[in-house]
Amino acid sequence: MENANINHFPEHVLLRIFSLIEPTRARNAASLVSRRWYGLERLTRSSLSLHGNLITNPYPPHSFPRFPSVSSLDVSNLSPWGRVPSDTPFLVLPTLPHCFPAVTDLTLYSRDRTALISLTHHWPLLKRVKLIRWQNRPNGAHIGSDLNPLFDICQEIEEVDLNEFYCWTEDVVEAVRSHPLVARNLTGLDLMLTNSTYGFRASELVSIVEVCPSLRRLIAPCVFHTGGVDFVSDETLHILATNCPHLTTLHLLAANDLQVNHPLAITAAGLETVFSSLPLLTDFSLDLPHPILEAGRLIENLGQCRASLIQNLKLGNFEGVCKGMWLHLDGVAICGGLKSLCLKRCHDVSDASLAAIGRGCTGLAKFELIGCDLVTELGIQKLAKKFEKRLRETGRQTLKDLTVIYYSVHLFLPRHW
């Protein structure tokens, strides 16, 4: 036993050890140790991203390694981006399904529907798909034609990520409404739609949630201001919460950061109804172009009912989120289970507010202040001292990420905390 080493472990033990290695560089280094470790690494790798140019540096199919356990595959970095793989010397079509038989999560650069069709039919049991496209949608393309092949082929898909995909809001609505059976199984929709300057209107948002009752994660830009027509209101959010009661993550953001003078059709009372209809909500983000007044009581009720449930909170243009005027905690400081908090353009947040948040949100790991111009260097120091004191008392460091961005000029120099 004196000369025993890791290679003497049984095969199933080594496979378990290699499956616990997460950093990509560590896995790559381990695969270079020996032929045995090379095979173990290939058998246990669960995610992979392919890079390179399919024309100048084609992969030879006969020597391309096989990854039987890869469930997450990213081919968006293969250039020429979005071209049909069969038009290149690299025989992608017969090679990819053989080398990656267990893929359930696919990231694809889809310049047009042909690239989507050519790849997804190899993995009809895909559970999650992320589409990327920075170019404009093809001229003359029918509404929804870029997304229809995805729902036609992948009948069991659960999550769709369009955060980096350029298309129209009408494309999403048409594709989802045209496939009601597939839509019923969707649990996640990220619809931020890169480069899109327009958000989802009320009727479009309602059309999506009516056919997606199983949604647990929804991220979407919305039209909030009442200067136009078909804007998102309290009624829209009530319909959303009623049709999707299992939501755990809900991010609704203004399509752009432009401030408007039109009043909002969203009120604190309406949001309280939404919260009562979403008992599983843990991650909430609402960034509005116009302030909601006296939101402190709303957030207090949220914190008191689900102090240990709400973990991530982002509020944009809310007033009264935390006054910190008295010894008792108020507003967002009541939410003791928060791990991530972002306050954006909350113009009445002050140094006293930070002191109250430091006392109440003891588990806070990430804190962002954007456009809260009443906060000074003294307030940041008070917040840092609260967490420093807690570190000395408990030996546990919580706050690791603090970001402060001002929209107006302050007279103190930035420091690192």
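Remember, predicted model here, so these are calculated numbers, not experimental data.

Enquirer: An account of the overall build of the chain is needed here, citing residue identities and associated values.
Expert: A tally of regular secondary structure across the chain gives 14 helices and 13 strands. Taken over 417 residues, the chain has a buried fraction of 47%. Restricting to contacts in the chain with at least 6 residues of sequence separation, those with at least 24 account for 80%. As displayed, the chain has an accessible area near 20400 Å², and 55% of this comes from carbon and sulfur atoms.

Enquirer: A description of the packing of aromatic side chains should follow, citing residues and the corresponding values.
Expert: Tallied over the entire structure, the rule returns three aromatic pairs. Centre to centre, the rings of Phe 67 and Phe 100 are 5.6 Å apart; their planes meet at 5°, and the pair counts as stacked. Pair noted here: Phe 67 is in the loop between strand 1 (47-53) and strand 2 (72-79) and Phe 100 is in the loop between helix 4 (92-99) and strand 3 (105-109), with a separation of 33 residues, a long-range link.

Enquirer: Just give me the short version of the packing of helix 10 (residues 234-243) against helix 11 (residues 268-277), but keep the residues and values in it.
Expert: In the contact formed by helix 10 and helix 11, the axes pass within 9 Å of each other and the chain directions differ by 0°. Classified by the angle their axes make, helix 10 and helix 11 are roughly parallel. Contacts from Asp 234, Leu 237, His 238 and Ala 241 in helix 10 reach Gly 270, Leu 271, Thr 273, Val 274 and Ser 277 in helix 11. Here the residues of the contact of helix 10 with helix 11 sort into four nonpolar, four polar and one charged.

Enquirer: I'd like a description of the pairing of strand 10 (residues 312-318), backed by residues and values.
Expert: Counting buried residues in strand 10 gives five out of seven residues, a clear majority hidden from the surface. Here strand 9 (residues 283-292) pairs with strand 10 via six bridges, running parallel. By the bridge assignment for strand 10, Leu 286 is matched with Leu 315. The pairing of strand 10 with strand 11 (residues 340-344) spans five bridges and is classified as parallel. The residue of strand 11 that forms the bridge with Asn 312 is Ser 340.

Enquirer: Residue-level account of unusual backbone geometry, with values.
Expert: Phi is positive for Asp 230, close to 60°, though the residue is something other than glycine. In this structure, Asp 230 sits in the loop between strand 7 (217-222) and helix 10. The exposure class assigned to Asp 230 is partly exposed, which follows from its relative accessible area of 31%.

Enquirer: Give me the lowdown on a positive patch on the surface, citing residues and values where you can.
Expert: On the surface, Arg 359, Lys 382, Lys 385, Lys 386 and Lys 389 cluster together into a patch of positive charge. The element that contributes the greatest number of residues to the positive patch is helix 14 (residues 377-394), accounting for four residues. On the secondary structure map, Lys 386 appears in helix 14.

Enquirer: A description of the nonpolar core should follow, citing residues and the corresponding values.
Expert: Membership of the largest hydrophobic core comes to 100 residues, with the highest contact counts inside it found for Phe 100, Val 172, Phe 318, Leu 343 and Phe 367. Look past the residues within four positions of Phe 367 in its chain and what remains in contact with it is Leu 341, Leu 343, Leu 354, Ile 357, Leu 383, Leu 399, Asp 401, Leu 402 and Thr 403. Of all hydrophobic cores here, the second largest spans five residues; its members include Leu 14, Phe 18, Trp 37 and Leu 40.

Enquirer: Got a sec to walk through the pattern of salt bridges? Specific residues and values, please.
Expert: Per the counting criterion, the structure on display carries 19 salt bridges. For Glu 158, the salt bridge identified is with Lys 127, shortest N-O distance 4.0 Å. Of this pair, Glu 158 sits in the loop between helix 6 (148-153) and strand 5 (159-165) while Lys 127 sits in the loop between helix 5 (113-120) and strand 4 (128-133), placing them 31 residues apart in sequence. Note on Glu 158: relative accessible area 31%, which makes it partly exposed. Here Arg 128 and Glu 159 are joined by a salt bridge, their closest N and O atoms 3.8 Å apart. Placement of the pair is Arg 128 in strand 4 and Glu 159 in strand 5, with a sequence separation of 31 residues.

Enquirer: An account of the UniProt feature "domain: COI1 F-box" (unreviewed entry) in the chain is requested, with residue identities and associated values reported.
Expert: Here the UniProt-annotated "domain: COI1 F-box" (unreviewed entry) positions come out as residues 8-46. Annotation note: span residues 8-46, helix share 69%, strand share 0%, distance between end C-alpha atoms 25 Å.

Enquirer: Outline the side chain of Asp 190, listing residues and values.
Expert: With respect to the helices and strands, the residue Asp 190 is situated in strand 6 (residues 188-190). An unpaired buried charge is present at Asp 190: no salt bridge exists, and Arg 217, the closest side chain of opposite charge, is 4.3 Å distant. Reaching out from Asp 190, the side chain makes a polar contact with the backbone nitrogen of Met 192 at a distance of 3.4 Å. Other than its neighbours up to four places away in sequence, Asp 190 contacts Val 160, Asp 161, Leu 162, Asn 163, Arg 217 and Ile 219.

Enquirer: Explain helix 14 to me, using residue names and the numbers behind them.
Expert: The first and last C-alpha atoms of helix 14 sit 26 Å apart over 18 residues, in line with the 26 Å expected at 1.5 Å per residue. Within the span of helix 14, buried status applies to Glu 377, Gly 379, Ile 380, Leu 383, Phe 387 and Arg 390. Elements in contact with the buried residues of helix 14: helix 13 (351-360), strand 12 (366-370) and strand 13 (401-405). Directly beyond the C-terminal end of helix 14, a positive phi value near 75° is found at Gly 395.

Enquirer: Which residues make up the confidence of the model for the chain, and what values go with them?
Expert: When pLDDT is low, close inspection of the predicted coordinates is not appropriate. In this model, the chain carries a mean pLDDT of 84, and residues with pLDDT of at least 70 account for 86%. Looking across the chain, the model is least confident in helix 4, with a mean pLDDT of 71, and most confident in strand 6, with 97.

Enquirer: Which residues make up the environment of Leu 215, and what values do they have?
Expert: With respect to the helices and strands, the residue Leu 215 is situated in the loop between helix 9 (202-210) and strand 7. Overall, Leu 215 belongs to the buried group, its relative accessible area being 0%. The spacing of Leu 215 and Arg 184 is 31 residues in sequence and 8.4 Å in space, taken between C-alpha atoms. Not counting chain neighbours up to four residues away, the residues in contact with Leu 215 comprise Leu 186, Thr 187, Gly 188, Leu 189, Cys 244, His 246 and Leu 247.

Here is what the cut-offs are and how they apply
- Counting from 1, residues in each chain are numbered in the order their sequence is written.
- Residues qualify for local features only when their pLDDT is at least 70, as the model is predicted, and side-chain atom pairs are given and counted only at 80 or more; totals for whole chains, interfaces and linings, by contrast, use all residues.
- To get the side-chain values, all heavy atoms of the structure are used, and hydrogens and water are removed first.
- Where helices and strands are cited, they refer to DSSP runs of H or I of at least four residues and of E of at least two residues respectively, numbered from the N terminus.
- Categorising residues by exposure relies on relative accessible area from a 1.4 Å probe, with only protein chains included: less than 20% of the type maximum marks a residue as buried, more than 50% marks it as exposed, and the intermediate range marks it as partly exposed.
- Any two residues whose heavy atoms approach within 4.5 Å are treated as being in contact.
- Residue exposure ignores everything except the shown protein chains as possible cover, and the areas themselves are Shrake-Rupley values with a 1.4 Å probe.
- Any two rings among Phe, Tyr and Trp, with Trp reduced to its six-membered ring, count as a pair given centres within 6.5 Å; such a pair is stacked if its planes are under 30 degrees apart, edge-to-face if over 60, and tilted if neither.
- A fitted line through C-alpha atoms serves as each axis, taken over the contacting stretch for helices, and the angle formed by two N-to-C directions is quoted from 0 to 180°.
- Here roughly perpendicular refers to angles of 65 to 115 degrees, roughly parallel to angles under 35, roughly antiparallel to angles over 145, and oblique to all remaining angles.
- Nonpolar residues are Ala, Val, Leu, Ile, Met, Phe, Trp, Tyr, Cys and Pro. Charged residues are Asp, Glu, Lys and Arg, and all others, Gly as well, are polar.
- Any two strands are treated as partners once DSSP identifies two or more bridges connecting them.
- For patch building, the residue pool is restricted to those with more than 30% relative accessible area and no salt bridge; the joining distance is 9 Å between like charges and 5 Å between nonpolar side chains (Val, Leu, Ile, Met, Phe, Trp, Tyr).
- Within this document, salt bridges are pairs made up of a side-chain nitrogen of Lys or Arg and a carboxyl oxygen of Asp or Glu, the two lying within 4 Å of each other.
- Here the positive residues are Lys and Arg and the negative ones are Asp and Glu; neither His nor the chain ends is included.
- Note that the charge is assigned to NZ on lysines, CZ on arginines, CG on aspartates and CD on glutamates.
- Joining through side-chain atoms within 4.5 Å is the link that ties buried Ala, Val, Leu, Ile, Met, Phe, Trp, Tyr and Cys residues into a set, and such a set is a nonpolar core.
- UniProt positions are given in the numbering used here, feature names are shortened, and annotations may be inferred rather than shown by experiment.
- Polar contacts, as used here, are pairs of N or O atoms within 3.5 Å; protein pairs need one atom able to donate a hydrogen and one able to accept it. Residues neighboring in sequence count only if both atoms are side-chain atoms.
- Expected span, for any helix, means 1.5 Å times one less than how many residues it has.
- What pLDDT conveys is the predictor's confidence in a given residue, as a value from 0 to 100.

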